[in-house]
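Inside the fold
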Amino acid sequence: MFRKSLRSAMLAGFACLLVMFVACGVTACSGQGDEQVIRSGISAELDTFKNPTKESLSKVIGENDSSIEEIKSYGVDPYEFLAHCFKSFDYKIGDIKVSNGNEATANVSVTNVDISKAMQKTSERADSADGTAKLAEVYAAEGQNGALRQFFTWFYECIDAETSTVTTDVSIKATKTSDGKWELDDSSLDALVSAAYGGADFASM
C-alpha cells in the first residue's frame, strides 16, 4: 500500500511537470532566433524546479490542479513532496538544432538525487520489524493517512540523506506551430520528467 501510494504521488508530481510544459509551450520573443527561444523557454520552466519552494511552484501549479488534489488525498503536502524530490535537481542544455524551420532537437543533461534508491531504502525501513511496528502504532492512532504520512516522512529522510546522484541525457524534440509556438512532443516530456526524478523507471515501481 505504502509503496503504491508513493509511486502514485510521484506520478501525480510527474503530471504537474507535464501540465506545466504542455500549457506553457515555448513562445518566441521579439529579436530572438529559434534556437535561443527554445533554450530560454526550457530554462525558464526547468528553473522552477531548482531549489523549489511553495512560492516558486505555486506560480506554475494551481491549488485545484487534479494532480495536486491526488497528492493531498494521501494526507501529504504536495509542495513539501516536490521540494524534497527536486532539492538536488540541476540541468544543462547542450546543442539545439533546428531543421526545416519548424522542427528542433534540444539535448538536455538532467541531474537529480537517485530517487529510486531512496524509495527502495524507505520500503526496506517500512518492512523491517521496527518499521512495521511503528506504522501499526501510527495507523491505530491516526488511521491510514497517518501511516502514509509516516511513510512519506521516512522517504524524505532517505532523500535528504542520499548522496548519490543520477545524470540522464535527454533528447527533446519540438515542433513549431502555425502561430510560432514551439511545443515539445509527448515522448520527450515523458523522458524529461523521468530524468528529473533521477532516471526513475515508473513502470517498474
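To start, this report covers the structure provided alongside it. (Residues numbered from 1 in each chain as written. Predicted model: local features only at pLDDT ≥ 70, side-chain atom pairs only at ≥ 80, totals over all residues. Heavy atoms only, no water.)

With respect to unusual backbone geometry
Positive phi is not limited to glycine here, since Asn100 has a value of about 60 degrees. As for its placement among the helices and strands, Asn100 is situated in the loop between β2 (90-99) and β3 (103-113). Owing to a relative accessible area of 69%, Asn100 belongs among the exposed residues under this scheme. (Helix = DSSP H or I, 4+ residues; strand = E, 2+ residues; numbered from the N terminus. Buried < 20%, exposed > 50% of the residue type's maximum accessible area, 1.4 Å probe, protein only.)

Details of the pattern of salt bridges
Side-chain pairs of opposite charge can arise where the charged atoms are in close proximity. Within the structure shown, the criterion is met by six salt bridges. Arg39 is paired through a salt bridge with Glu35; the nearest N and O atoms lie 3.6 Å apart. One end of the pair, Arg39, and the other, Glu35, are both in helix α2 (residues 34-46), four residues apart, so they sit about a helical turn from each other. Residue classification places Glu35 among the partly exposed positions, given a relative accessible area of 39%. A salt bridge links Glu162 to Lys121; its shortest N-O distance comes to 3.2 Å. (Salt bridge = Lys/Arg side-chain N within 4 Å of Asp/Glu carboxyl O.)

Digging into the packing of helix α6 (residues 115-127) against helix α7 (residues 129-161)
Packing of α6 against α7 leaves a shortest axis separation of 8 Å and a crossing angle of 150 degrees. What the angle tells us is that α6 and α7 run roughly antiparallel. Remark: the crossing between α6 and α7 carries right-handed chirality. Of α7, the residues touching α6 (which contributes Ile115, Ala118, Met119, Lys121, Thr122, Ser123, Arg125, Ala126 and Asp127) are Ala129, Gly131, Thr132, Leu135, Phe151, Trp154, Phe155, Glu157, Cys158 and Ile159. Per-class residue counts for the contact of α6 with α7 are eleven nonpolar, four polar and four charged. (Axes fitted to C-alpha atoms, helices over the stretch in contact; angles between N-to-C directions. Parallel < 35°, antiparallel > 145°, perpendicular 65-115°, else oblique. Left-handed = near helix turned anticlockwise from the far one by under 90°. Contact = heavy atoms within 4.5 Å. Nonpolar A, V, L, I, M, F, W, Y, C, P; charged D, E, K, R; others polar.)

Section: the packing of helix α5 (residues 78-85) against α7
Between α5 and α7, whose axes approach to 9 Å, the crossing angle comes to 25 degrees. The angle between α5 and α7 places the two elements in the roughly parallel class. For the crossing formed where α5 meets α7, the hand is left-handed. Contacts between α5 and α7 involve Glu80, Phe81, His84 and Cys85 on the former and, on the latter, Phe152, Phe155, Tyr156, Ile159 and Asp160. Classifying every residue of the contact of α5 with α7 by side-chain character gives six nonpolar, one polar and two charged.

A look at the pairing of β3
By the bridge criterion, eight bridges tie β2 to β3 in an arrangement that is antiparallel. Looking across to β3, one finds that Val98 is bridged to Ala104. Following β2, the chain reverses through three residues before pairing antiparallel with β3; Asn100 in that reversal takes a positive phi of roughly 60 degrees. In this sheet, strand β4 (residues 165-176) lies alongside β3 in antiparallel orientation, the contact comprising eleven bridges. Looking at β4, one finds that Val108 is bridged to Val170. (Pairing = 2+ DSSP bridges.)

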